[in-house]
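# Tertiary structure, described
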Amino acid sequence: MSHMIPRRTVITFDPLTEHLKNLQPDEVNALHMMQGVYSNQIALTTAVISLQHQAINSDDDLHGLADSVAANTLPRLAPVCNEIKEHLNNG
């Protein structure tokens, strides 16, 4: 028994392609600008993740990273914590 492989359907009309063909020049420029911004964001995010990964792997300094996060975060959370305690005590 042989299995028949169905043919791919040939799409003759693609709404997205048709829409892109009908864009005004300023819309095309805006689309290219957004594409550039998006690819820059991806490149920067990849670089930051790579640097963080390299720093953690090379130094094995997870405790230093945790200390840094705690030092930057805990002072901001102290007023929130005090407010919650105040509401619990009055509530």
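Residues numbered from 1 in each chain as written. Predicted model: local features only at pLDDT ≥ 70, side-chain atom pairs only at ≥ 80, totals over all residues. Heavy atoms only, no water.

## Some remarks on the overall build of the protein chain
For the record, the criterion: The helix count covers DSSP runs of H or I at least four residues long, the strand count covers runs of E at least two residues long, and both are numbered beginning at the N terminus. Summary of the burial criterion: residues with accessible area below 20% of their type's maximum are buried, those above 50% are exposed, and those between are partly exposed, where the area comes from a 1.4 Å probe applied to protein chains only. Accessible surface is estimated by sampling points in the Shrake-Rupley manner with a 1.4 Å probe; for residues, cover comes only from the protein chains shown.
Of the regular secondary structure elements, the protein chain holds three helices and zero strands. Starting at the N terminus and walking to the C terminus, you meet the elements of the protein chain as α-α-α. Expressed as a percentage of its 91 residues, the buried residues of the protein chain come to 1%. Of the accessible surface of the protein chain, which amounts to about 9,000 Å², a share of 61% is contributed by carbon and sulfur atoms.

## Quick word on the pattern of salt bridges
Here is the rule we go by: One side-chain nitrogen of Lys or Arg within 4 Å of one carboxyl oxygen of Asp or Glu is enough to make a salt bridge.
Overall, the coordinates contain one salt bridge when judged by the stated rule. Across the salt bridge formed by Lys 21 and Glu 18, the nearest N and O atoms sit 3.8 Å from each other. With Lys 21 and Glu 18 both in helix H1 (residues 15-21), this residue pair falls three residues apart, about one helical turn. Exposure remark for Lys 21: the relative accessible area of 58% places this residue in the exposed category. With relative accessibility at 28%, the residue Glu 18 sits in the partly exposed group.

## Things to note about a nonpolar patch on the surface
Operational definition: Residues with no salt bridge and a relative accessible area higher than 30% make up the patches, which join like charges within 9 Å and nonpolar side chains (Val, Leu, Ile, Met, Phe, Trp, Tyr) within 5 Å.
Judged by side-chain polarity, Leu 16, Leu 20 and Leu 31 come together as a nonpolar surface patch covering roughly 270 Å² of accessible area. Looking at the secondary structure, you find Leu 16 in helix H1.

## With respect to the confidence of the model for the protein chain
Selection criterion: The pLDDT value tells you how sure the predictor is about a given residue, anywhere from 0 up to 100.
When the pLDDT values of the protein chain are averaged, the result is 77; 84% of them are 70 or greater. Across the protein chain, H1 holds the top mean pLDDT of 82, while helix H3 (residues 62-90) sits lowest at 77.

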